[in-house]
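Close look at the chain arrangement
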Amino acid sequence: MPYWSSSMTRPTSTGHFLAKPIRSGASPGLIAAIVDRRGVRAIAAAGVRKAGHSQPLLTTDSVHIGSNTKAMTATLLAVLVRDGVFADGWNTAIADVFPEAREDILPEYREVTLWQLVTMTGGVKCDAADWHAHGDADPLKSRYRILRDNLADPPAAPAGDYVYSNLAYVVAGAIAERVTGKTWETLMQDRLFEPLGMASAGFGPPGTPGEVDQPWGHQRDPQCQDWVPNQLDNPAVLGPAGTVHVAIDDWAKFMSLWLAEGPPAILDREVLDRLIAPVSGRYAAGWRVATRFWAKGEAITHGGSNTSWFALLWIAPRIGHAYVVASNSAEADDRRTFRLLDGIVSKLIRATGRPGRLARLFDQ
């Protein structure tokens, strides 16, 4: 399958879907791909790695996936549950793992389970009061301290109600760290990335600091509206909720868990299906679930941004396709970036619905 990457696009390919946004300055760079059960079937990139520099964004470059990390964290925890790492599996409660913090956290949180954390039904508020509060500590210590500090605050909702929560995922990561004695980052590498062959996966902004060997993130200058490049990310403590970067080809190996026809890698189909079954409203374990005509039923989706990048993913298990678009930028009002990427995904979906079209989507 031909790969194509350039700072300009040809109107005869689906790269054309990326050309107009790049020309209009909607983003310095964009990558779009279609994945099926065999892996990446079509992929294109347009624009540059860094505004003001000539290096083109490549289809092999890594992208920061933001909150798409949550589905990976939930999958990692499912692996640990399967392997018996937690005494009570998904029913392991916060106070069981951190008995010394029992008096520091409110009673409402003590019996919140690992499953409630990954499905965001434990009443945990969206964000910590200050994610930078323990920035001088290593991630393992800082996540525990964030847990102890913020679970002393009243719940955002009763247990069982859905509340979107980055903090819930950080608490879930801290539970895994306490039980294993390893950082979430190490667990992700050892138990998820390496088994799936995701060699490009890492944490924080991709690339070498100060170099343009990978794309940079971008934010708008509020005065002149130019894109200003950066290599910033959220604090490392937020890792389980959203600090992964990865190349699309490797990300596709994770997507394929829900596209495989035969026995999937890492986990049984029953376990994987549970991760994408909505619990409260339309949220599952790191996934939003939506019924779509084009997907012939339920599809799973998530978006992610660290305010300098944005990545949007849709997976339709019943038709065996996944669609992903990422920008190395994010508007201050990230709904604008979401609409940009969502529009591109919609065009990819329509294009793949035409007989014989998929093979030509990204042809040179």
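A closer look at the packing of helix 1 (residues 16-23) against helix 12 (residues 334-352)
- With their axes 10 Å apart at the nearest point, helix 1 and helix 12 run at an angle of 160° to one another. By the angle between their axes, helix 1 is roughly antiparallel relative to helix 12. As for how helix 1 packs across helix 12, the hand of that crossing is right-handed. Of helix 12, the residues touching helix 1 (which contributes Phe17, Leu18 and Pro21) are Leu340, Ile344, Lys347, Leu348 and Ala351.

Overview of the environment of alanine 322
- Turning to its location among the elements, alanine 322 is positioned in strand 12 (residues 321-327).
- Counting along the chain gives 36 residues from alanine 322 to glycine 286, while the straight-line C-alpha distance between them is 16 Å.
- Apart from residues no more than four positions distant in its own chain, alanine 322 is found in contact with Ala33, Ile34, Val35, Met255, Leu259, Leu313, Trp314 and Ile315.

Let's talk about the sheet that holds strand 8 (residues 244-247)
- The antiparallel open sheet is built from three strands, whose spatial order is 4-8-5. The open sheet has two edge strands, strand 4 (62-64) and strand 5 (202-203), and neither has a second partner.
- Relative to strand 8, strand 4 runs antiparallel, the two being bridged by three bridges. Its bridge partner being in strand 8, valine 63 is matched across the sheet by valine 246.
- Contacts between helix 10 (residues 248-255) and the sheet are confined to strand 4 and strand 8, with strand 8 contributing the most and set at about 105° to the helix.

Concerning the nonpolar core
- Core analysis: the largest hydrophobic core is formed by 87 residues, its most contacted members being Met72, Trp251, Phe254, Trp258 and Trp287.
- Residues in contact with tryptophan 287, not counting those within four places in the same chain, are Ala71, Phe254, Trp258, Leu275, Ile276, Arg282, Ile300, Thr301, His302, Leu313 and Ile315.
- Of all hydrophobic cores here, the second largest spans 25 residues; its members include Ile22, Leu30, Trp314 and Ile349.

What to know about unusual backbone geometry
- Residue lysine 296 is not a glycine yet carries a positive backbone phi of 55°.
- You can call lysine 296 exposed: its relative accessible area is 61%.
- A positive phi is found at threonine 307, a non-glycine position, where the angle reads about 80°.

Observations concerning the environment of glycine 52
- Within the element layout of this structure, glycine 52 appears in the loop between strand 3 (39-47) and strand 4.
- Distance in space between the C-alpha atoms of glycine 52 and proline 229 is 8.7 Å, their sequence separation being 177 residues.

Let's talk about helix 10
- Counting buried residues along helix 10, six of its eight residues qualify, which places the element largely inside the surrounding structure.
- Those residues of helix 10 lying buried are Ile248, Asp250, Trp251, Ala252, Phe254 and Met255.

What about the packing of aromatic side chains?
- Throughout the structure, instances matching the rule amount to twelve aromatic pairs.
- Seen in terms of ring centroids, phenylalanine 254 and tryptophan 258 are 5.3 Å apart; in terms of plane orientation they differ by 70°. Their pairing is edge-to-face.
- You can call phenylalanine 254 buried: its relative accessible area is 1%.
- Residues phenylalanine 254 and tryptophan 287 carry aromatic rings whose centres are separated by 6.5 Å and whose planes lie at 10° to one another, so their mutual orientation is stacked. With a gap of 33 residues between them, phenylalanine 254 in helix 10 and tryptophan 287 in the loop between helix 11 (269-275) and strand 9 (288-292) connect regions that are remote in the sequence. Each of the two residues, phenylalanine 254 as well as tryptophan 287, counts as buried.
- An aromatic cluster of at least three residues, connected via ring pairs, comprises Tyr162, Tyr164 and Tyr283.
- Directly above the ring of tryptophan 216 sits lysine 50, whose terminal nitrogen or CZ lies 3.7 Å from the centroid.

A closer look at the side chain of glutamate 185
- With respect to the helices and strands, the residue glutamate 185 is situated in helix 8 (residues 184-196).
- Residue class for glutamate 185 comes out buried when judged on its relative accessible area of 15%.
- Setting aside anything within four residues of it in sequence, one finds glutamate 185 in contact with Pro139, Arg143, Glu177, Phe203 and Ala236.

Structural notes on the confidence of the model for the chain
- Summary statistics for the chain give a mean pLDDT of 91 and a share of 93% for residues scoring 70 or more.
- Low pLDDT, under 50, characterises residues 1-12; the predicted model gives this stretch 39 contacts beyond four residues in sequence or across chains.
- Segment residues 355-364 is flagged for pLDDT under 50; beyond a separation of four residues in sequence, or across chains, it makes 30 contacts in the model.

A look at the packing of helix 2 (residues 69-82) against helix 8
- Direction vectors running N to C along helix 2 and helix 8 enclose 75°, while the axes themselves pass 10 Å from each other. In this view, helix 2 runs roughly perpendicular relative to helix 8, as classed from their interaxial angle. Between helix 2 and helix 8, the residues in contact are Thr69, Met72, Thr73, Thr75, Leu76, Val79 and Leu80 and Trp184, Leu187, Met188, Arg191, Leu192 and Phe193, respectively.
- Classifying every residue of the contact of helix 2 with helix 8 by side-chain character gives nine nonpolar, three polar and one charged.

Calculation notes
Residues numbered from 1 in each chain as written. Predicted model: local features only at pLDDT ≥ 70, side-chain atom pairs only at ≥ 80, totals over all residues. Heavy atoms only, no water. Axes fitted to C-alpha atoms, helices over the stretch in contact; angles between N-to-C directions. Helix = DSSP H or I, 4+ residues; strand = E, 2+ residues; numbered from the N terminus. Parallel < 35°, antiparallel > 145°, perpendicular 65-115°, else oblique. Left-handed = near helix turned anticlockwise from the far one by under 90°. Contact = heavy atoms within 4.5 Å. Pairing = 2+ DSSP bridges. Core = buried A, V, L, I, M, F, W, Y, C linked by side-chain atoms within 4.5 Å. Buried < 20%, exposed > 50% of the residue type's maximum accessible area, 1.4 Å probe, protein only. Phe/Tyr/Trp six-rings, centres within 6.5 Å; stacked < 30°, edge-to-face > 60°. Lys NZ or Arg CZ within 6 Å of the ring centre and 35° of its normal. pLDDT = per-residue confidence, 0-100. Nonpolar A, V, L, I, M, F, W, Y, C, P; charged D, E, K, R; others polar.

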